[in-house]
Amino acid sequence: MDQDMAKRRAGEEAARYLEDGMTIGLGTGSTTAYALAAIGKKIREDGLQIRGIPTSSSAEIIARNHGIPICTFDDVSEKLDIAFDGADEVSPKLDLIKGRGAAHTREKLIASQSKRFLVLVDPSKLVSQLGKKASVPIEILPVAAPVILRTLCAMEVHASLRIGVQKDGPVVTDQGFWIVDAAFPSISNPGQLSRTLLEMPGVLEHGLFVNLVTDVIVGTESGVDIIRR
């Protein structure tokens, strides 16, 4: 199966959910980039009137390049109509691991403030249990890195700082924090693990998304499959 085509189909399908006057969350990543392109096309060709809050500086740059009007939470007084984003893993219960792009903190904020949260993936992201393929990214205060790494090691978790590509040193998030990637041997209860991680001093947020997804759009060879909570 052509993975890039699957991503394109999922992204283009997301644009069909939009209506005039909506305020939406704009996700980060390769699959959502196709959605941003499709939304830009609807704005240019169909006169679609929407505005969006981006989940990262990268998403904002792509959205502006496609002519999508940008706003912030200062500009809205109620929940967003729809947010859409990608995922690294999707469980049968529609819980997620996200954060390969280190944008999961803003992604989770926007997902939590949306009436409907659409996740766009290709079939490779569907797993029987979270943690099968992906590590859980944890956004941390730089000063807390040694403590958090020791704590995770004591939990028998393989964890390491994410190091930047074509730069020296750790990846730095839009918030100025660092990322620890934690490979858990098993994630049978993502809700409990979520609470455990958030209780660690120095942790800002992590990439477990529990009970947030309303719809998953899966690009396939023949079109798209829709999975709803």
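Read on for a plain summary of the structure. These numbers come from a predicted model, not from an experiment.

For the rest of this paragraph, the subject is the overall build of the protein chain. Helix and strand counts for the protein chain come out as 6 helices and 13 strands. For 229 residues, the compact-globule estimate of 2.2 N^0.38 gives 17 Å, and the C-alpha radius of gyration of the protein chain, at 17 Å, lies within 12% of that figure. Along the longest, intermediate and shortest principal axes, the C-alpha atoms of the protein chain span 55 × 35 × 35 Å. Across the 229 residues that make up the protein chain, the buried fraction comes to 51%. Roughly 11000 Å² of accessible area belongs to the protein chain as shown, and the carbon and sulfur atoms make up 49% of that amount. Averaging the coordinates of the 26 positive side-chain charges in the protein chain and doing the same for the 29 negative ones gives two points 2 Å apart.

Once that is clear, we can look at the side chain of Ser91. On the secondary structure map, Ser91 appears in the loop between strand S4 (89–90) and strand S5 (96–97). Judged by its relative accessible area of 9%, Ser91 is buried. Residues in contact with Ser91, not counting those within four places in the same chain, are Val127 and Leu130.

On to the environment of Ser135. Position of Ser135 relative to the elements: it lies in the loop between strand S6 (117–121) and strand S7 (136–140). Dropping the residues within four chain positions of it, Ser135 is found in contact with Ile97, Asp181, Ala182 and Ala183.

Turning next to the environment of Leu120. By the element assignment, Leu120 lies in strand S6. Exposure remark for Leu120: the relative accessible area of 1% places this residue in the buried category. Sequence-distant contacts of Leu120, that is, excluding residues within four places in its chain, are made with Ala10, Gly11, Ala14, Thr31, Thr32, Ala35, Phe84, Asp85, Gly86, Ala87 and Ile217.

This next bit is on the layout of surface pockets. Volume-wise, the largest pocket comes out at about 290 Å³. Looking at the largest pocket, it is lined by 19 residues, and the ones nearest its centre are Thr28, Gly29, Ser30, Asp88 and Arg100. When residues of the lining of the largest pocket are traced back to their parent elements, those giving at least two are helix H2 (30–46) and S6. Per-element accounting of the lining of the largest pocket gives the leading share, 3 residues, to H2. For the lining of the largest pocket, the per-class residue count stands at 3 nonpolar, 8 polar and 8 charged. Along the walls of the second largest pocket sit Ser91, Pro92, Lys93, Asp95, Ser128, Gln129, Leu130, Ile187, Ser188, Asn189 and Pro190, which together make up its complete lining. Split by residue class, the lining of the second largest pocket holds 4 nonpolar, 5 polar and 2 charged.

Right, let's talk about the sheet that holds strand S1 (residues 23–26) for a bit. Hydrogen bonding along the main chain pairs the strands of a sheet, whether they run parallel or antiparallel. Judged by pairing direction, the sheet is mixed, and its 6 strands sit side by side in the order S2-S1-S3-S6-S12-S13 without closing on themselves. Since the sheet does not close on itself, it has two edges, and those belong to strand S2 (51–54) and strand S13 (224–228), each with one partner. Shown here is a sheet whose adjacent strand axes are inclined to one another by a mean of 20°, direction ignored. In the packing of H2 onto the sheet, the strands contacted are S1, strand S3 (82–85) and S6, and the crossing angle to S3 comes to about 130°.

Before going further, it helps to spend a moment on the nonpolar core. One finds Ile24, Ile39, Ile50, Ile68, Phe84 and Leu120 to be the most contacted residues of the largest nonpolar core, which totals 22 residues. When contributions to this core are tallied by element, the ones reaching two or more residues are helix H1 (3–15), S1, H2, S3 and S6. Each residue touching Phe84, except ones within four places of it in the same chain, is listed here: Ile24, Gly25, Leu26, Gly27, Thr32, Ala35, Leu36, Ile39, Phe117, Leu118 and Leu120.

So, how was this worked out
Residues numbered from 1 in each chain as written. Predicted model: local features only at pLDDT ≥ 70, side-chain atom pairs only at ≥ 80, totals over all residues. Heavy atoms only, no water. Helix = DSSP H or I, 4+ residues; strand = E, 2+ residues; numbered from the N terminus. Rg over C-alpha atoms; globule rule 2.2 N^0.38 Å. Buried < 20%, exposed > 50% of the residue type's maximum accessible area, 1.4 Å probe, protein only. Areas by Shrake-Rupley, 256 points an atom, 1.4 Å probe, with all protein chains shown as cover. Lys, Arg positive; Asp, Glu negative; His and termini not counted. Charge placed at Lys NZ, Arg CZ, Asp CG, Glu CD. Contact = heavy atoms within 4.5 Å. 1 Å grid on protein atoms, 1.4 Å probe; cavity = no way out; pocket = protein on both sides within 12 Å on 5 of 7 lines; lining within 4 Å. Points joined across faces, edges and corners; volume = space filled by probe spheres on them. Nonpolar A, V, L, I, M, F, W, Y, C, P; charged D, E, K, R; others polar. Pairing = 2+ DSSP bridges. Axes fitted to C-alpha atoms, helices over the stretch in contact; angles between N-to-C directions. Core = buried A, V, L, I, M, F, W, Y, C linked by side-chain atoms within 4.5 Å.

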